[in-house]
Amino acid sequence: MHTARKLAASSVEERLYREFGDTLFVSQSCADQIPTLWVDRENILAVLTFLKPHFCMLYDLFGIDERTRSCRDNQPTADYTVVYQLLSMRRNEDLRIKVGLSESDLNLPTCVAIWPNANWYEREAWDMFGVTFCGHPNLFRILLPPTWEGHALRKDHPARATEMGPFEMGPERVAREQEALRFKPEDWGMQPKEDDHEYMFLNLGPNHPSVHGVFRIALQLDGEVIIDSVPDIGYHHRGAEKMGERQTWHTYIPYTDRIDYLGGVMNNLAYIQSVELLAGVKVPDRAKVIRIMLAELFRVASHLVFYGTFVQDIGQMSPVFYMFADRERLFGIIEAITGGRMHPAWFRIGGVAQDLPNGWDKMIRVFIDSMPARLDHYDKMAMQNKILKERTVGIGIYTEQEALEWGITGPGLRATGNDWDVRKKRPYGGYDQFEFEVPTSNNGDCYDRAELRIEEIRQSLKIIRQCVDNMPAGAYKSDHSATTPPPKERTMQDIETLIHHFLNVSWGPVIPAGEASVMIEATKGINSYHLISDGSTSAYRTRIRTPSFPHLQQIPLISRGLLIPDLIAIIASIDFVMADVDR
Amino acid sequence: MSSPDAEIWPLAVFTLMVLVLVITMLLMSWLLGQRRREDATNEPFESGIVSVGNSQIRISVEFYLVAIFFVIFDLETVFIFAWAVAFFELGWHGYIAMLIFIGVLTVALVYEWRNGALDWGSKVRVGLKEAQTLEAQQATHL
Amino acid sequence: MVEWTPVLLALGILLGGVAGAAILTWWERRLLGFWQDRHGPNRIGPWGIGLVVADMIKLLLKDDWVPPFADRAVFIFAPTAIVVSMMMGFAVVPFAPDMQIVDLNIGLLFFLGMTSLAVYSVLLGGLASNNKYALLGGLRSASQMVSYEVFMGLSLMGVVMMSGSFSLVDIVAAQSDVWFCFSQVLGLLVFVVAGIAESHRLPFDLPEAEHELTAGFHTEYGGMKFAMFMLGEYLGLMLISCMIVTLFFGGWMGPDLLNEWLPPIIWFAIKIFFVINFFILLRAAIPRPRYDQLMSLGWKIMLPITLFNLVVTGGVLLWIEETV
């Protein structure tokens, strides 16, 4: 198997072998065909440094607790694994590097110096698994409260409240938690005063109107000038990855809706594609087009919220109401089709939950016919406004290089001139059948990020129109055995299908052992679910790579030296939801 | 109509009424208001986090600059007030005198402007130039 | 002999001011709702007008809390200062012929003085709170209001030159031929902008700037003391509107041909109504500039415009007088 893979391996892999010798690496095959190489801890820094020029982005970094995993094929022994997933946009290639660690010696060197966005990912791996990254500048907890005991994603950590003692939030506990949240400038290398300047440390958030949820930035201020800042996340953490380990494959779908809660079924798509890849399910055309249509409707909904709140954060009061009214109309369509509004959880393994209702296309047509004129109107009202331009043009700039180094994807990346859109570069779920453009712009500032998303709304409307005009006939669900819920037509006629149906509904399908992750272009950037199946009815590990997480990490970079109102504009232009960051 | 001997006592009555109104408002709410004290009631609001340091710090110098400008310009406007009300009596003489005065004022304004005293905060983030030149260099390398 | 009319008038203005401010909060929300494609308050009483009463009762019953970390005396003084100074400003407004508390020969200066005092309210409120957001809000308000103070006064000097008096009654009388809004376009423009900045309403609500400083200078205020800041703000809005009408739109005079149709006080009310609605429309339509942009606008654009206006007005007036 090894030789076969090596022959098919890409040039970077060959060069790796040439550079380090092929005895160093153990190759693992994954369902998603992404080359996966195991490296030992001693060489990991050298290998990553070697790979840096070839892979512009550290796409993801996460841990796996391997201790109770049974189907490991011939992977090297490890109690814990740290996974680096790298992405090359130029060659449109991925590479996964894995490092196995033993429980007694749970540490490895940090790669913050190679990819700056590793900082938060490593903190997360420390928080969740207790993996120490030697040399990390501030290896604190990131998602869990600083007072938390244990590492939550370890298999021996309780998964539900009933496995733990009763939760009490008495006055002493409140005081202790509050004290733990107090910002300590020394921890971040900040001085309270320098030369003649005395600095003020201000907590912006978690309870603040403009941080879009519970997000906190500790600011070091000189007057209103931001000297430095420390974003702090985790206030919205709900343990979505942990829940993935006890929910069945099917019943996890509604949880995904709530990751990027503005993206609705878009999240289902990212999850379900990985499951389908693992199970080898082929989705019928009609289901594909229905999925794309709904996903794009949700992209429009999400971008409308962005548009409204962006303009509102700049201080213009009215537009947000128009955009929310449009979004309500859109939710009317979603409701007519799925029965749900914000979180329909409507996609299923192998298809969608139901066929489209009669007359579904009329509502959509009315909507997509009216939207372009409305967008023009909003453009005049908001985006052409001179004050808004003054506030956002030239503010919050990052270069393409910086964007890649910090793991920025989606519209935030395309605003720097890079046209990487997963829908074009790796058409998934049938996107290759659609005509649309990927808007880009060059300045990489707040204004461009906003303008680009508005253009994306127009492009999404174009895709939706194509869906409506060319909706294929046929099944809305695959007849694969892993499809949920399974077909019910013959359950009352023979015992075999009845048993199959019963098991598949109560336990859900068994997904073959393996690993897979499929990127999708979600509303805010690239989203993927790295799923590890151990050949059972629920995932062994669910890793959710969300776009908002790295987007928040680079806020200090682009806000130093600017004023508080600029920071608000920057936050508004990033378009994040905290649920998507904290999971 | 307006004369120096315009009756001024209504103003005093009005002032008294306004003061009574304000005091009544404060008293009423003091009497009627609820009294609630919880653990965090007596902490300053800082987005729900206990604060580090307080607000009694030395303030950046830009704010003082504004105060100084105000003193300069607002004092000078007083002269313009006096001129404006006696405008026709002073005629062209006064006008030319005032032209010179406004000219001096404008020179002062231009001086401040050119000195950058009227620009607050930087409009470019720290490190942007370096990042952009770096990117430009790499683009030429490729 | 004591005349009772001015006393009744004073009482009327006092209660009218408070009631007007209260109703204005409701009217503004209704109007914003109308423009923003939503209902606005519509539950209590006809068209939701009962909300005004409900709000008052609620604010009265709220905790009268003074933060232990604040400077107690100043903290309580700050909101009263804005109500008092704004209220006092109404003393010189001629609502109709002979309907004025006092016709000071320095009426205009009295008005300018009173609005300047409002700076103290916001600044002291921000500083006394001993809260970081409030401090930033207070600093912003001080620099913003102080800057706009300079040419708020200057922008009116064109009007003073044309009427030759600081008395508001004389200024209204001087507009019997042509309203000053036609001859003092630049003055009007600057005064309106400065007026919004002085009453710190959106788009120039930087001291408050909900999206940036949570509640800015009044972050620590609640209950009646918060309500007094709001009262002060709405009184300020009404006062500025009264001044705009008095100084630039002929005060209580109706348009020439229609003057006899309605009593002067009604004309005055109609004009005020339009100006206030204009301010509310501005609030609905315009985003908030950044602190430094607001200051640049003031010093680099508004101040030169005002000086230019003075020079031109003076020249033209003298030239007209010579030729006529």
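Residues numbered from 1 in each chain as written. Chains lettered and ligands numbered in written order. Predicted model: local features only at pLDDT ≥ 70, side-chain atom pairs only at ≥ 80, totals over all residues.

**Considerations on the overall build of chain B**
Cut-off, in case you're wondering: The way it works is that DSSP assigns letters per residue, a run of H or I at least four long becomes a helix, a run of E at least two long becomes a strand, and they are numbered from the N terminus. Each radius of gyration is computed over the set of C-alpha atoms, and the globule rule expresses the reference value as 2.2 Å times the number of residues to the power 0.38. We call a residue exposed when 12 or fewer other C-beta atoms sit within 10 Å of its C-beta, buried when the count reaches 20 or more, and partly exposed for counts in between; the C-beta positions come from the backbone.
Along chain B, the regular secondary structure elements total 4 helices and 0 strands. Scanning chain B from its N terminus toward the C terminus, one meets helices and strands in the order α-α-α-α. In terms of C-alpha radius of gyration, chain B reaches 28 Å, well past the compact-globule figure of 14 Å for 142 residues. The dimensions of chain B, computed from C-alpha atoms along their principal axes, are 85 × 65 × 25 Å. Across the 142 residues that make up chain B, the buried fraction comes to 22%.

**With respect to the overall build of chain C**
Counting secondary structure elements, chain C contains 13 helices and 0 strands. N-terminal to C-terminal, the α/β element order of chain C is α-α-α-α-α-α-α-α-α-α-α-α-α. In summary, chain C has a C-alpha radius of gyration of 20 Å against a globular reference of 20 Å for 324 residues, a match within 12%. If one aligns the C-alpha atoms of chain C with their principal axes, the spans along those axes are about 65 × 50 × 45 Å. By residue count, 59% of the 324 residues in chain C fall in the buried class.

**Some remarks on the interface of chain A and chain C**
The following threshold applies: Distance between backbone-placed C-beta atoms decides contact: two residues are in contact if it is within 7 Å. Ten residue types, Ala, Val, Leu, Ile, Met, Phe, Trp, Tyr, Cys and Pro, are classed as nonpolar, four, Asp, Glu, Lys and Arg, as charged, and the remainder, Gly among them, as polar.
Every contact between the two is made by 24 residues of chain A and, on the other side, 22 residues of chain C. When contributions to the side of chain A that touches chain C are tallied by element, the ones reaching two or more residues are β10 (200-204), α10 (319-338), α12 (386-392) and α20 (564-574) of chain A. Residue contributions to the side of chain A that touches chain C peak at 4 residues, all from α12 of chain A. When grouped by side-chain class, the residues that make up the side of chain A that touches chain C number 14 nonpolar, 6 polar and 4 charged.

**Considerations on the interface of chain C and chain B**
Between chain C and chain B, the residue contacts involve 64 residues of the former and 59 residues of the latter. Put simply, the parts of the chain that give the side of chain C that touches chain B at least two residues each are α1 (5-35), α2 (51-61), α3 (72-89), α5 (132-155), α6 (157-163), α7 (168-173), α11 (223-248) and α13 (291-323) of chain C. When residues in the side of chain C that touches chain B are grouped by element, the largest group, 14 residues, is from α13 of chain C.

**As for the sheet that holds strand β11 (residues 216-222) of chain A**
Residue and element names in this part refer to chain A. The condition is simple: When DSSP finds at least two bridges between two strands, those strands are taken to pair. Comment: axis = line fitted to C-alpha atoms, over the contacting stretch for helices; angle = value between 0 and 180 degrees taken between N-to-C directions.
With antiparallel pairing, 3 strands are arranged side by side in an open sheet as β10-β11-β12. Because the sheet does not close on itself, it has two edges, and the strands there are β10 and β12 (225-232). Neighbour-to-neighbour, the strand axes of this sheet turn through a mean angle of 20°, independent of strand direction. In terms of strand pairing, β10 meets β11 through 5 bridges, oriented antiparallel.

**Digging into the sheet that holds strand β2 (residues 36-39) of chain A**
Residue and element names in this part refer to chain A. Strand order in the open sheet formed by 5 strands is β1-β2-β5-β4-β3, and the pairing between neighbours is mixed. Edge positions in the open sheet fall to β1 (26-28) and β3 (57-65), since each of these has one partner strand only. Taking each pair of neighbouring strands and ignoring which way they run, the sheet shows an average axis angle of 25°. Sheet topology note: the strand β4 (residues 80-88)/strand β5 (residues 93-101) ladder contains 9 bridges and is antiparallel. Across the sheet, the residue bridging to Q85 is R96, located in β5.

**Considerations on the confidence of the model for chain B**
The condition that has to hold: The pLDDT value expresses, per residue, how confident the predictor is, ranging between 0 and 100.
Of all residues in chain B, 91% attain a pLDDT of 70 or more, and the chain-wide mean is 78. When pLDDT is averaged over each element of chain B, helix α1 (residues 9-32) of chain B comes out on top at 86 and helix α4 (residues 128-141) of chain B at the bottom at 72.

**Observations regarding the confidence of the model for chain C**
Interpretation of the predicted coordinates at a detailed level should be avoided for regions scoring low in pLDDT. Residues and elements named next belong to chain C. This prediction gives chain C a mean pLDDT of 84; 98% of its residues lie at or above 70. Put simply, helix α10 (residues 210-213) is where chain C has its lowest mean pLDDT, 74, and α3 is where it has its highest, 90. This complex was scored by the predictor with a pTM of 0.87 and an ipTM of 0.85.

**Topic: the packing of α3 of chain C against α11 of chain C**
Residue and element names in this part refer to chain C. Condition: Should an angle fall under 35 degrees it is called roughly parallel, over 145 degrees roughly antiparallel, and 65 to 115 degrees roughly perpendicular, with every other angle called oblique. In a left-handed crossing the near helix is turned counterclockwise from the far helix by less than a right angle, and in a right-handed crossing that turn is clockwise.
Across the interface, α3 lies against α11 with an axial gap of 8 Å and an inter-helix angle of 25°. Relative to α11, the element α3 lies roughly parallel. Viewed along their axes, α3 and α11 form a crossing whose handedness is left-handed. Where α3 approaches α11, its residues I76, P79, T80, I82, V83, M86, M87 and G89 are matched on the opposing element by K225, M228, F229, L231, G232, L235, G236 and L239. The residue makeup of the contact of α3 with α11, split by class, is 11 nonpolar, 4 polar and 1 charged.

**Regarding unusual backbone geometry**
When glycine is set aside, most residues are seen to have a negative phi, and most peptide bonds are trans. The backbone of Q33 of chain A sits at a positive phi, close to 65°, despite the residue not being glycine. With respect to the helices and strands, Q33 of chain A occurs in the loop between β1 and β2. Assessed through the 11 C-beta atoms surrounding it within 10 Å, Q33 of chain A is described here as exposed. If you check the backbone angles, D37 of chain C has positive phi at about 65° while not being a glycine. Inspection of the secondary structure assignment puts D37 of chain C in the loop between α1 and α2.

**Topic: the domain arrangement of chain C**
Residues and elements named next belong to chain C. Worth spelling out the cut-off: These domain limits were set by an automatic method or by a database of domain assignments.
Segmenting chain C into domains produces domain 1 (1-61) and domain 2 (63-323). The gap between the C-alpha centroids of domain 1 and domain 2 is 20 Å. Each side of the interface is counted separately: domain 1 has 18 residues, and domain 2 has 15 residues. A per-element tally of the side of domain 1 that touches domain 2 places α1 first, with 15 residues. Grouping the constituent residues of the side of domain 1 that touches domain 2 by class yields 13 nonpolar, 4 polar and 1 charged.

**Focus on α5 of chain C**
For clarity, the cut-off: The span expected for a helix works out to 1.5 Å for each residue beyond the first.
Compared with an ideal rise of 1.5 Å per residue, which puts 24 residues at 34 Å, α5 of chain C spans 35 Å between its outermost C-alpha atoms and is within 8% of the ideal. Among the 24 residues of α5 of chain C, 24 are classified as buried, and the element is accordingly described as predominantly covered.

**Here we look at α1 of chain C**
Those residues of α1 of chain C that sit buried are P6, L9, A10, I13, G17, A21, A22, L24, W26 and E28 of chain C. Lining the buried residues of α1 of chain C we find α1 of chain B together with α2, α3, α11 and α12 (264-285) of chain C. Following α1 of chain C by one or two positions, D37 of chain C has its phi on the positive side, about 65°.

**With respect to the environment of M302 of chain C**
All names here are of chain C. Note on placement: M302 falls in helix α13. Among the residues examined, M302 registers 25 C-beta atoms within 10 Å and is labelled buried. Not counting residues up to four positions away in its chain, the partners in contact with M302 are F151, V190, V193 and L297.

**A short note on the packing of α11 of chain C against α12 of chain C**
Residues and elements named next belong to chain C. Two elements in contact, α11 and α12, have axes separated by 9 Å at closest approach and are oriented at 120°. As summarised for this structure, α11 and α12 are arranged oblique, according to the angle between their axes. Judged by the twist between their axes, the crossing of α11 over α12 is right-handed. Together, L237, M238, S241, C242, I244 and V245 of α11 and F268, K271, I272, V275, I276 and F279 of α12 make up the contact between the two elements. Residues of the contact of α11 with α12, tallied by class, amount to 10 nonpolar, 1 polar and 1 charged.

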